[in-house]
Structure formats: structure tokens, C-alpha cells
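# An overview of the molecular structure
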2 protein chains.
Amino acid sequence: MPRLIPLTSPDDPRIDAYRVIKERDLVGRGGRFIVEGRTVLDVALSTRNRFALESLLLSESRIEALGPLLAGAPDDLPIYTASQSILDGITGFHIHRGLLGVGLRGALPSMAELIAALPESALVVVPLGIANHDNVGGIMRNAAAFGADAALFDFASCDPLYRKAIRVSVGGSLIVPFAREGSAPALLDLLTAAGFELLALSPAGATVLGEVKPARRTALLLGAEGPGLPETILARTRTVRIPMSAGFDSLNVATTSGIALHALACGR
Amino acid sequence: MPRLIPLTSPDDPRIDAYRVIKERDLVGRGGRFIVEGRTVLDVALSTRNRFALESLLLSESRIEALGPLLAGAPDDLPIYTASQSILDGITGFHIHRGLLGVGLRGALPSMAELIAALPESALVVVPLGIANHDNVGGIMRNAAAFGADAALFDFASCDPLYRKAIRVSVGGSLIVPFAREGSAPALLDLLTAAGFELLALSPAGATVLGEVKPARRTALLLGAEGPGLPETILARTRTVRIPMSAGFDSLNVATTSGIALHALACGR
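Note that this is a predicted model, so its numbers are computed, not measured.

### Quick word on the interface of chain A and chain B
Contacts between the two partners involve 25 residues from chain A, matched on the other side by 25 residues from chain B. When chain A packs against chain B, close to 2,000 Å² is buried across both sides, 62% of that on carbon and sulfur atoms. Taken together, the links from chain A to chain B amount to two salt bridges. Salt-bridge contacts for Arg141 of chain B lead to Glu225 of chain A; the nearest nitrogen and oxygen are separated by 2.8 Å. In this structure, the connection of chain A to chain B is made through 12 residue pairs in polar contact (both at pLDDT 80 or more). Put simply, the parts of the chain that give the side of chain A that touches chain B at least two residues each are helix H6 (133-145), helix H8 (172-175) and helix H11 (253-267) of chain A. A class-by-class count of the residues in the side of chain A that touches chain B yields 12 nonpolar, 11 polar and two charged.

Written out as C-alpha cells, the structure reads:
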């Protein structure tokens, strides 16, 4: 059981990492990320081989309820506790369910390293230009639920370790190996060279999703809601459609990832 | 083409319906709802046989871009226009993309009337205890996309005509016939009497989703994330599971509705 460290001042320098005004600064310069809430902390404790936790910060009122979970934390993990009034003095974001943690990004693999490390039989999801944190989090949640081997983001997509993306992913961002790097065409070059069949979801796709037999190595490409994937990308892929009502062919991109990953995972 | 009515004061009584502080009051007492943004307005104009529009309110800066859409609006629809500073004076919620509309709920069918009016072959979605507006909106979007014949909510679920639910549904809330009434057991009684097979999604479901052949009349039951459907409900249904990773069997309920409606719609 790690020790609890009661704080007596909101200005305590040991919790500087929680005093985030601009999350981009935290992610970019500090190499850290924020986890929130019990469910995500549970995942974070089980994925410590990928991301170390630096500390936790929790409301005194939650100590008892979180006891069993905290008992499984490493002995040397500092757990700061504070009254709600002190927690309220830590500005910048809402404290979700009285529990926050700081994780360390560490040295993430490059895109090429991640692709090189994939198993012979692999299913990867490839979000391109998806800048919405909810959607990136939803995609990571679905990728974890359906056992995708990796999530490969172009740099126009947002970071799956953004606080809100982690929360929406319910910890999936900490489970699914990912990289986020370069342009969409460069990413397609890497995947093609690695023997992946490229499937692209599009309302005008040539093949119905239910008829796709996934190849040994399959990459599922997803574009942003609204514009979708550009023609230059679609032209390099096998296009797949999800049959929908004639008058309303509109799905959320995270939902789309769930439908397609379910179908492809069942077909493996 | 309806006429444009420029406003010169944020206190103009003709736009009182937009001056919403508590949305519950608007929904409950006024029998109105709010639509936001171009895509939803497009749906609202095409579903005027179900819900009449009372008026629109838009930013002067959007008049030109919205011209083609507005040209298709009924001639007697008042369209108020205002400068951004006047729009900013209308408080209570953020004006999404410079375009708002007020719709009239009218006399919605009761649960029994809606079920009695369903076709012989029918697929309905039944959200139980789903109080999150995003999830209700996501379910309505998927119900519209996959042509569900109705969405039947227990009263513990939130209203699909809540502003945010309509926005997240991208207008699906205006397309799919719905009722929201009574308790879950009472709703199951009505569906059973109407000859519906009750399918309930649950992580411990007896049948894998991909093996379900939908009955002529199928009702898909969804419970809230976290607790899921109670045992008393599951005991009255055929339970169905979506296969997931052993270590992460967690899906968002709206995503779940998309996966299941896609599978059942393909199987009809």
C-alpha cells in the first residue's frame, strides 16, 4: 500500500503537474498526461508496463471508497490527498470524480517502429484528420474493446493522450499501442510496404462491410465526419460502405469505428 | 422564399422562445424544442409533417451562405436576423453556427399508440434508464441511419428532443418516431403483447450478436453504461453479447446501439 500524503496548501509545489492551464504545454514539454476517475485509474494501474504513473491526487472524501484500488498501487507512488477547498484551488480543469493522476508518456515508438513490431496477423485502425477529442477517445475505446493491434494516427489527428480523449476512451488510450506522425499519404506508404490491405470506409464504398473478409493484415482507415476521406486517399484503398437509410446516411466516426472493428474482428 | 425580419434589439418579444434559461421549462411548458446548425435545420425542414417550425433566428453574417437552404423554407416561416452583438444578448445557451430554430412538439403519440401503429415487420430500439443527452442523441442518430421503426424510451431516459440530444442526433430525433413514457417493466409488457421478441444486450449475453436472426418484430433493449440492464429485465429477454477483448469489455451505449442495429438491419 502506498503512503497517503495530505496537502495543506493548494500552492504545494509537489502538485505543480496538476496545475495545468494549457494542456498542450503539459503534453508537449512535460511528457506527461492526466488520468481522471476510478475506471481509468484502474486501467492505468494495470498498464504500468507501458506508462508509469508519477503521482495521484485525490479528495479526502474519496480515500475510503478508493481504498481497495489504491492498495494495488505501487508502494512508491505518491498519493496526495487534499480537502475539496484545496482541490478547488487547483485551477485549469474540472476534477473528475475527485481523483486525478499524472502519467509519464515515456519514449513512445515511432510509426515505423510500431508497424515493424506488429504481429503477422494484424488489424489496425488508422484515423486520418480526426481532430475531435471525443471521437479520438471513442475510437481508442473501440480499438481496445475489439483487440485492434494498433491505432495509427496521422499528425492532423489529435493526441489520444489528451486528457479528454483518455477519459472518453475509458482507458483504451493506455491499452492500444499507437503512433501519431506524418501525413496520411506517408502513412499509407508505410502500411502498403508492410503488406496491409487498406480498407477505407466511405458512404459510396464499393463493397458492403458485411461482405468483407479481412486480409491477414488489415488497416481500417477513417476520415473526419463531414468531409470524410479525400479522393486521393480513397483511390489507393478498397472502399467499404455501411448500408444505411437512403435519407439519412450519417454516422458518428467513433460509432463507425465500432461497427467496422466489430465486423472485422468477428471475421478474423 | 420566406421573409427575413431584421431585429434591432435583443429584447424583441418575438424571440422570447430563444431566451431560454432552463430548457426543461421550454420543453415542459412551452411544447417547443430548439434546433441548431445547418445540418439539423435541413432535416427539420424535411420533417415538417411531424414537427412544425415556429421560427428561425440567424446571424446576419450567415444569410448569404444559408440562402439556398432558406429558399426551401415555407413562405410563412418568420426568419429573424440579427447582428452578432444582438445574438450575444440572447443568453442561456451557445448559438451553434449562427443558426437556431424553434420547433413545436405538437401532440406526440402515446407509447401504446406508437406501438399499435408499427408495421408488421418492425425493428425498434428501447433505451432504458439512459439519462445522458449525448447517448440518447447518438442512439437516435443510429436509429435513423439504420431505419429503426421507432425508439421507445422509458421515462427514466432523457428526452430525445432536448437541445443537445437533437444536435448529437444530427436530426435523427426528428426522423425516428419515438415515445417516452412509463417504467421499463410496463414497456416490456406492451412489447410482449404486441408480439415483439425482446433482445437485451449484456456483456454476459447467451447468444453472440452475429448469430442472431432477427424475428419479424424485434425490440433491442439497451441499458445505461455502468449498471447495464437489471436482472429483472434480463430475465424476461433473450440476452445477446458483443464479443470483446477479455481485458476490456467496455463499449459506449450509443456505439453499442450502432453495432447492434447494423447487425439486425443487415439480418432483416
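Next, the rest of the story.
### Side note on the sheet that holds strand E7 (residues 150-153) of chain A
Residue and element names in this part refer to chain A. With parallel pairing, the seven strands of this open sheet are ordered in space as E8-E7-E6-E11-E9-E12-E10. Edge strands, defined here as strands with exactly one partner in the open sheet, are strand E8 (178-180) and strand E10 (207-208). Against the sheet, helix H9 (residues 184-193) engages strand E6 (122-128), E7, strand E9 (197-201) and strand E11 (217-223), with an angle of about 170° to E6. Contacts from H11 reach E6, E9 and E11 within the one sheet, and its direction differs from that of E11 by about 165°.

### Some remarks on the relation of the copies chain A and chain B
With an RMSD of 0.0 Å, the fit of chain A onto chain B corresponds to turning through 180° and sliding 0.0 Å along the axis. Both copies of the chain, as the preceding transformation shows, are related through a two-fold rotation axis. When you check the interface residues of chain A against chain B, 100% turn up at the interface there too, and the contact is symmetric in its surfaces.

### Some thoughts on the pattern of salt bridges
Following the criterion strictly, the structure yields 22 salt bridges over all chains and no others. Overlapping salt bridges, with partners in common, bring together Glu36, Arg163 and Arg167 of chain A in one network.

### Quick word on the pairing of E9 of chain A
Two faces belong to every sheet, and in a regular strand the side chains alternate between them. All names here are of chain A. For E9, a buried count of four out of five residues is recorded, marking the element as mostly surrounded by other parts of the structure. In terms of strand pairing, E9 meets E11 through four bridges, oriented parallel. Paired with Leu198 across the bridge in E11 is Ala219. With three bridges joining them, E9 and strand E12 (residues 238-241) adopt parallel strand pairing. Paired with Leu199 across the bridge in E12 is Arg238.

### With respect to the domain arrangement of chain A
Residue and element names in this part refer to chain A. For chain A, the assigned domains read domain 1 (4-104) and domain 2 (111-267). Listed per partner, the contact involves 17 residues of domain 1 and 14 residues of domain 2. Inspection of the domain 1/domain 2 interface yields two salt bridges. Here Arg167 and Glu36 are joined by a salt bridge, their closest N and O atoms 3.4 Å apart. The interface formed by domain 1 and domain 2 includes four residue pairs in polar contact (both at pLDDT 80 or more). Where the side of domain 1 that touches domain 2 is concerned, the elements lending two or more residues are helix H1 (23-30), strand E2 (32-36) and helix H2 (38-46). Classifying every residue of the side of domain 1 that touches domain 2 by side-chain character gives nine nonpolar, four polar and four charged.

### Describing the packing of helix H6 (residues 133-145) of chain B against helix H11 (residues 253-267) of chain B
Residue and element names in this part refer to chain B. Remark: H6 packs on H11, axes separated minimally by 8 Å, with the N-to-C direction vectors making an angle of 15°. Here H6 lies roughly parallel to H11, going by the angle between them. Like other packed secondary-structure pairs, H6 and H11 cross with a definite hand, here right-handed. Contact residues: H6 offers Asn135, Gly138, Ile139, Asn142 and Ala143, while H11 offers Val253, Ala254, Ser257, Gly258 and Leu261. Grouping the constituent residues of the contact of H6 with H11 by class yields five nonpolar, five polar and no charged.

### A short note on the environment of Gly226 of chain A
Residue and element names in this part refer to chain A. Take Gly226: it is sitting in the loop between E11 and helix H10 (231-234). The exposure class assigned to Gly226 is exposed, which follows from its relative accessible area of 78%. Each C-alpha atom, one on Gly226 and one on Leu53, is 37 Å from the other, the two residues being 173 residues apart in sequence.

### Thoughts on the state of the cysteines
By definition, a disulfide links the sulfur atoms of two cysteine residues through a covalent bond. What the rule picks out here adds up to zero disulfides over all chains. Left without a disulfide partner, Cys266 of chain B is nearest to the cysteine sulfur of Cys266 of chain A, which lies 13 Å away. Exposure remark for Cys266 of chain B: the relative accessible area of 45% places this residue in the partly exposed category.

### What to know about the packing of aromatic side chains
Aromatic ring pairs: the centre-centre distance and the angle between the two ring planes describe each pair. Residues and elements named next belong to chain A. Applying the stated criterion to the full structure yields two aromatic pairs over all chains. Ring centres of Phe33 and Phe51 lie 5.4 Å apart, and the angle between their planes is 85°; this geometry places the pair in the edge-to-face category. Here Phe33 is found in strand E2, whereas its partner Phe51 is found in the loop between H2 and strand E3 (53-59), with 18 residues between them in sequence. For Phe51, a relative accessible area of 2% corresponds to the buried category. The ring of Phe155 carries Arg180 above its face, with NZ or CZ at 4.4 Å from the centroid.

### A short note on the sheet that holds strand E11 (residues 217-223) of chain B
What links the strands of a sheet is backbone hydrogen bonding, and the strands pair in either a parallel or an antiparallel sense. Residue and element names in this part refer to chain B. Strand order in the open sheet formed by seven strands is E8-E7-E6-E11-E9-E12-E10, and the pairing between neighbours is parallel. Two strands bound the open sheet, and with one partner strand each, they are strand E8 (178-180) and strand E10 (207-208). Across three bridges, strand E7 (residues 150-153) lies against E8 in parallel orientation. For Ala151, the partnering residue across the bridge sits in E8 and is Phe178. Across the face of the sheet, H11 comes into contact with strand E6 (122-128), strand E9 (197-201) and E11 while running at roughly 165° to E11.

### Side note on the side chain of Thr207 of chain A
All names here are of chain A. As for its position among the elements, Thr207 is in strand E10. When its relative accessible area of 16% is taken as the criterion, Thr207 is described as buried. Once residues lying within four places of it in the same chain are set aside, the contact partners of Thr207 are Val212, Arg238, Thr239, Val240 and Arg241.

Criteria and thresholds
Residues numbered from 1 in each chain as written. Chains lettered and ligands numbered in written order. Predicted model: local features only at pLDDT ≥ 70, side-chain atom pairs only at ≥ 80, totals over all residues. Heavy atoms only, no water. Contact = heavy atoms within 4.5 Å. Buried area = accessible area lost by both parts, 1.4 Å probe. Salt bridge = Lys/Arg side-chain N within 4 Å of Asp/Glu carboxyl O. Polar contact = N/O pair within 3.5 Å; in protein donor to acceptor, adjacent residues only side chain to side chain. Helix = DSSP H or I, 4+ residues; strand = E, 2+ residues; numbered from the N terminus. Nonpolar A, V, L, I, M, F, W, Y, C, P; charged D, E, K, R; others polar. Pairing = 2+ DSSP bridges. Axes fitted to C-alpha atoms, helices over the stretch in contact; angles between N-to-C directions. Least-squares fit on C-alpha atoms with pLDDT ≥ 70 in both. Buried < 20%, exposed > 50% of the residue type's maximum accessible area, 1.4 Å probe, protein only. Domains from an automatic or database assignment. Parallel < 35°, antiparallel > 145°, perpendicular 65-115°, else oblique. Left-handed = near helix turned anticlockwise from the far one by under 90°. Disulfide = S-S within 2.5 Å. Phe/Tyr/Trp six-rings, centres within 6.5 Å; stacked < 30°, edge-to-face > 60°. Lys NZ or Arg CZ within 6 Å of the ring centre and 35° of its normal.

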